[in-house]
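Structure at a glance
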Amino acid sequence: MPLIVMCGYPSSGKTRRAEELKVCFERNTDRKVHVVGDGALGVERNTVYADSQKEKNVRASLKAEVERKLNKDDVVIFDSLNYIKGYRYELFCLIKHAQTPHCLVYCLTSDEVSSTWNTSRDAAEQYTQDIFDALVLRFEAPDSRNRWDSPLFTILKDDSLPYEDISDALFKRKAPPPNKSTQSQPLSSSNFLYELDKITQDVLMAIFNSQKTSVPGDLIPVPGATEKIELTRSINMAELRKLRRQFISYTKMHPTENTGHICNMFVQYLNKSLQ
């Protein structure tokens, strides 16, 4: 259901606050709480944040994982830097499409405090000073006047967690309306929507993982499909997600009676689109 987007400098306490939120929601509600973040992907931060393309791919993978976790029942906490205004806007578009509320939790610290916290970490978890300085320089602070940064909860290092206010913002507020152009016609089978979402997401992950050991020209097998992906070039997750959204939008308007055909249909669509 709702999405909580964490935001702040490197080593500003985002993960600690995310864990506090998780405990509070699990203690006070019956909802499952999912925390999505760099740690779950095994991100080597100093390698990723030194390479713009690798960082872009990681952001796409994290966003895909957030999208996969969003549903009508659970709470999703997105624990990452989320320092780019345009990326936060993409997340806002995602929750509009899912018709679920969201909020932004900004862990506000000075760069001096965050730098001190960073150097106090285990060596394997630290940002190098060059990477730390670059991320602080690139950081785009949230602004509550922007609808994608609102409602905004700014928390200083010694503040108590405003759990009640955050909970009210998520559960007592209507979700932003979706864009009319992106609304799909209602379908008769909720199982079809579930299968469509799950199958297409599984195909994307199969392609993404196979590329680690594949080269252009290889045929990538996809679980559940008789056809294979024709890998003519390297494909990043952002492009795959865009094609997935297009396929889902079309298929929602023209649902097949046999969900067993979805996987092959999606593979065929990808092969045609990636030529």
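See the structure above.
These remarks concern the structure in this document. Quick caveat, the model's predicted, so the values are computed rather than measured.

**Some thoughts on the overall build of the protein chain**
Assigned secondary structure in the protein chain consists of 11 helices and 7 strands. Projected onto its principal axes, the C-alpha coordinates of the protein chain cover approximately 55 × 45 × 30 Å. When burial is assessed residue by residue, the protein chain has 44% of its 275 residues classed as buried. In the protein chain, the share of contacts with a sequence separation of at least 24, taken over all contacts with a separation of at least 6, comes to 77%. Surface accessibility of the protein chain: about 14,500 Å² in total, with carbon and sulfur atoms responsible for 49%. Taken as two groups, the 37 positive and 36 negative side-chain charges of the protein chain have centres that lie 5 Å from each other.

**With respect to the packing of helix 4 (residues 52-69) against helix 5 (residues 85-98)**
Contact geometry of helix 4 with helix 5 gives a least axis separation of 11 Å together with a crossing angle of 20°. For the element pair helix 4 / helix 5, the angle class is roughly parallel. Crossing angle aside, the handedness with which helix 4 passes helix 5 is right-handed. For the pair helix 4 and helix 5, the contacting residues are Arg59, Leu62, Lys63 and Glu67 in the first and Tyr87, Glu90, Leu91 and Leu94 in the second. Classifying every residue of the contact of helix 4 with helix 5 gives 4 nonpolar, no polar and 4 charged.

**Describing the nonpolar core**
In a soluble, globular protein the nonpolar side chains are often hidden away together inside. In terms of nonpolar packing, the biggest core is built from 30 residues, with Leu3, Val66, Leu70, Phe78, Tyr127 and Leu135 touching the most fellow members. At the level of elements, strand 1 (3-8), helix 4, strand 3 (75-79), helix 5, strand 4 (102-108) and helix 7 (129-138) are the ones that each hand at least two residues to this core. With 5 residues, helix 5 is the largest single contributor of residues to this core. The contacts of Phe78, once residues within four sequence positions are left out, are Leu3, Ile4, Val5, Met6, Val36, Leu62, Val66, Tyr87 and Leu91. Ranked by size, the runner-up nonpolar core spans 24 residues in total, among them Ile207, Leu231, Met237 and Leu274.

**Quick notes on helix 7**
Where helix 7 is concerned, the buried positions are Ile131, Phe132, Leu135 and Val136. Projected down its long axis, helix 7 carries its buried residues within an arc of 130°, all on one side. Seen from the open side of helix 7, the exposed residues pointing more than 90 degrees away from its buried face are Asp130 and Leu137. Close packing links the buried residues of helix 7 with helix 3 (45-48) and helix 6 (111-119).

**Here we look at the side chain of Lys14**
Here Lys14 shows up in helix 1 (residues 14-28). The buried charged residue Lys14 lacks any salt bridge, with Asp79 as its nearest oppositely charged partner at 5.8 Å. Among the polar contacts listed, one links the side chain of Lys14 to the backbone oxygen of Tyr9, at a separation of 2.7 Å. Each residue touching Lys14, except ones within four places of it in the same chain, is listed here: Met6, Cys7, Gly8, Tyr9, Asp79, Ser80, Leu81 and Cys107.

Cut-offs applied
Residues numbered from 1 in each chain as written. Predicted model: local features only at pLDDT ≥ 70, side-chain atom pairs only at ≥ 80, totals over all residues. Heavy atoms only, no water. Helix = DSSP H or I, 4+ residues; strand = E, 2+ residues; numbered from the N terminus. Buried < 20%, exposed > 50% of the residue type's maximum accessible area, 1.4 Å probe, protein only. Contact = heavy atoms within 4.5 Å. Areas by Shrake-Rupley, 256 points an atom, 1.4 Å probe, with all protein chains shown as cover. Lys, Arg positive; Asp, Glu negative; His and termini not counted. Charge placed at Lys NZ, Arg CZ, Asp CG, Glu CD. Axes fitted to C-alpha atoms, helices over the stretch in contact; angles between N-to-C directions. Parallel < 35°, antiparallel > 145°, perpendicular 65-115°, else oblique. Left-handed = near helix turned anticlockwise from the far one by under 90°. Nonpolar A, V, L, I, M, F, W, Y, C, P; charged D, E, K, R; others polar. Core = buried A, V, L, I, M, F, W, Y, C linked by side-chain atoms within 4.5 Å. Arc of directions from axis to C-beta. Salt bridge = Lys/Arg side-chain N within 4 Å of Asp/Glu carboxyl O. Polar contact = N/O pair within 3.5 Å; in protein donor to acceptor, adjacent residues only side chain to side chain.

So far we have only geometry, and geometry alone does not tell us how the molecule works.
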